[in-house]
Amino acid sequence: MQKSIERIAGDSEGVSYEFPVFRFGGTDKAAPSAYLQAALHAGELPGVVAIDALMPMLEKAEAEGRIKGNITIVPQANPIGRAQYHFGEHQGRFHLGTRTNFNRGFPLLAAADVELLPDTTLGTADQRLKSRLLQLSIGHDIVLDLHCDDEGLAYLYVHTSLWPAMADCAAAMGVDAVILWDEDTDGTFEGASITPYLNLPAEVARFDRRVATTVEYRGILDVDGALAGADAEGLYRLLVARGVVLDQALSTPGSLTGPNSFTGPSSFTGFVAPLENIDMMPAPRAGAVLYDVKPGDRVAKGALLATIVHAPGEAGGRTQVFARQAGIILTRRSRRIIRAGEDLLKLVGDSKSADARSGTLED
Ligand SMILES: [Zn+2]
């Protein structure tokens, strides 16, 4: 394993940012390669600690000559967002200088060719960071971008071109759900990772061996040793299932036990839904949120989801919010303070949402 340091020039004299990159060299040129990054939204740490738990597994595999494909790992992808604090609160989602989401504005290239990347010399630091991250990832068959939600299930965003071919990955990782999306006009990292292949003939694009996904490792507070270990095992199983790492012990279906046991390509038992089925459920009033549901709950149409206490102590000071359709609660807010119009939760409905938003993934 080799460690190198990437440096991103800041926007003023004396300021620059750096982050480490770890590379494992594969022994088989024909084997698929993998790129993993975490904390593009700099405060989302479940993926960071999962990578920390994964590294010793990969180092052991390397020592035993079992790394087949090249693996590139960026455990903390966003040193710019990492450094942003505003009145004592960490702000890792948007670049304060440009107000741009760190997971938007990636160049959507016509082909997977680093020569096509725009010149960011005169751009802003966040643009330079995005360009560099994409450059590091381009050429890998498997691209995993590890995020987390507010409070939520473990789920994947997957472009429709890669489904159901990626069902083995979802099963290997042990996630609860897969959300399918079909169009990215905003330039998410995942969108930038798959878009260059969408106009290629299928035999060139090789969607059967390609992986690009935004992994939502539950909620922002789910930074936990046991979960990190389980998620690392899930990532490792994916790498084995796709032939990046060789592991005879895992290659036999049913050889593992436990909640993430990998029992074969068709064993994904979570739910799969198109993005258009997500009801974001905006709050009708500002106030304090009392939730009646949590992630993973199945609800019927008309079920009570939450109560907003908007005029405490007054008659009629509570407003209830009901499910527009039957479905499963995917996420909810980690904080209980809300303004009118902000999203209360994500409900994955059994059918298309009445306010279905555009096809871009939501992270
Ligand atoms: Zn995120």
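Conventions and cut-offs
- Residues numbered from 1 in each chain as written.
- Predicted model: local features only at pLDDT ≥ 70, side-chain atom pairs only at ≥ 80, totals over all residues.
- Heavy atoms only, no water.
- Donors = N, O, S within 2.8 Å, 3.2 Å for Na, K, Ca; no water.
- Helix = DSSP H or I, 4+ residues; strand = E, 2+ residues; numbered from the N terminus.
- Buried < 20%, exposed > 50% of the residue type's maximum accessible area, 1.4 Å probe, protein only.
- Pairing = 2+ DSSP bridges.
- Axes fitted to C-alpha atoms, helices over the stretch in contact; angles between N-to-C directions.
- Expected span 1.5 Å × (residues − 1).
- Bend = angle between axes of the 7 residues up to and from the residue.
- Contact = heavy atoms within 4.5 Å.
- Polar contact = N/O pair within 3.5 Å; in protein donor to acceptor, adjacent residues only side chain to side chain.
- Phe/Tyr/Trp six-rings, centres within 6.5 Å; stacked < 30°, edge-to-face > 60°.

**A word on the coordination of the zinc ion**
No. 1: Coordination of the zinc ion by the protein is provided by His41 (ND1), Glu44 (OE), Glu44 (OE), His147 (ND1) and Asp363 (OD), with metal-donor distances spanning 2.1 to 2.6 Å.
No. 2: Mapping the donors of the zinc ion onto the primary sequence yields the spacing H-x2-E-x102-H-x215-D. You can see His41 sitting in the loop between strand 3 (34-38) and helix 1 (46-63) and its partner His147 sitting in strand 9 (residues 142-149), a full 106 residues away along the chain. The pair His41 / His147 is uniform in exposure class, with both members buried.

**Overview of the sheet that holds strand 12 (residues 177-181)**
No. 1: As summarised here, the arrangement of the 9 strands in space is 1-2-4-3-9-13-11-12-14, forming an open sheet in which the pairing is mixed. The open sheet is flanked by strand 1 (2-9) and strand 14 (271-274), the only strands paired with a single partner. The average undirected angle you get between the axes of adjacent strands in this sheet is 20°.
No. 2: For strand 1 and strand 2 (residues 16-24), the ladder comprises 8 bridges, and the chain directions are antiparallel. By the bridge assignment, Ser4 is partnered in strand 2 with Val21.

**What to know about helix 1**
No. 1: When the terminal C-alpha atoms of helix 1 are compared, their 27 Å separation across 18 residues agrees well with the 26 Å that a helix rising 1.5 Å per residue should span.
No. 2: Its axis deflected by about 25° at Leu54, helix 1 carries its strongest bend there, up to four residues before the proline Pro56.
No. 3: Of the residues making up helix 1, those classed as buried are Pro46, Gly47, Val48, Ala50, Ile51, Leu54, Met55, Leu58 and Ala61.
No. 4: Against the buried residues of helix 1 lie strand 2, strand 3, strand 4 (71-74), strand 9, strand 13 (211-219) and helix 7 (225-241).

**With respect to helix 7**
No. 1: An ideal rise of 1.5 Å per residue puts 24 Å on 17 residues; helix 7 measures up with 24 Å between its terminal C-alpha atoms.
No. 2: Listed in full, the buried residues belonging to helix 7 are Ala228, Asp231, Ala232, Gly234, Leu235, Tyr236, Arg237, Leu238, Leu239 and Val240.
No. 3: Between the side-chain oxygen of the N-cap and the backbone nitrogen of Ala226 there are 2.9 Å, and the N-cap of helix 7 in question is Asp224.
No. 4: Positive backbone phi, approximately 80°, marks Gly243, located one or two places after helix 7.

**Some thoughts on the packing of aromatic side chains**
No. 1: A full pass over the atoms with the stated rule returns 4 aromatic pairs.
No. 2: With a centroid separation of 5.3 Å and an interplanar angle of 75°, the aromatic rings of Phe106 and Phe189 are classed as edge-to-face. Here the residue Phe106 occupies a position in the loop between strand 8 (100-101) and helix 3 (125-137), and Phe189 occupies one in helix 5 (residues 189-194), the gap between them amounting to 83 residues. Each member of the pair Phe106 and Phe189 is classed as buried.
No. 3: Measuring from centroid to centroid gives 5.4 Å for Tyr155 and Tyr157, while their planes differ by 70°, and the two rings are edge-to-face.
No. 4: A relative accessible area of 0% places Tyr157 in the buried class.
No. 5: An aromatic cluster is defined as three or more aromatic residues linked by ring pairs; in this entry it consists of Tyr35, Phe106 and Phe189.

**Here's the deal with the environment of Leu239**
No. 1: Summarising the element assignment, Leu239 is placed in helix 7.
No. 2: For Leu239, a relative accessible area of 1% puts it in the buried group.
No. 3: The spatial distance from the C-alpha of Leu239 to the C-alpha of Leu58 is 9.9 Å, given a sequence separation of 181 residues.

**Some remarks on the sheet that holds strand 19 (residues 318-322)**
No. 1: As summarised here, the arrangement of the 4 strands in space is 19-18-16-21, forming an open sheet in which the pairing is antiparallel. The two strands at the open ends of the sheet, each matched to only one other strand, are strand 19 and strand 21 (337-338).
No. 2: Relative to strand 18 (residues 304-309), strand 16 (residues 287-291) runs antiparallel, the two sharing 4 bridges. Considered in strand 18, the bridge of Leu290 is made with Thr307.

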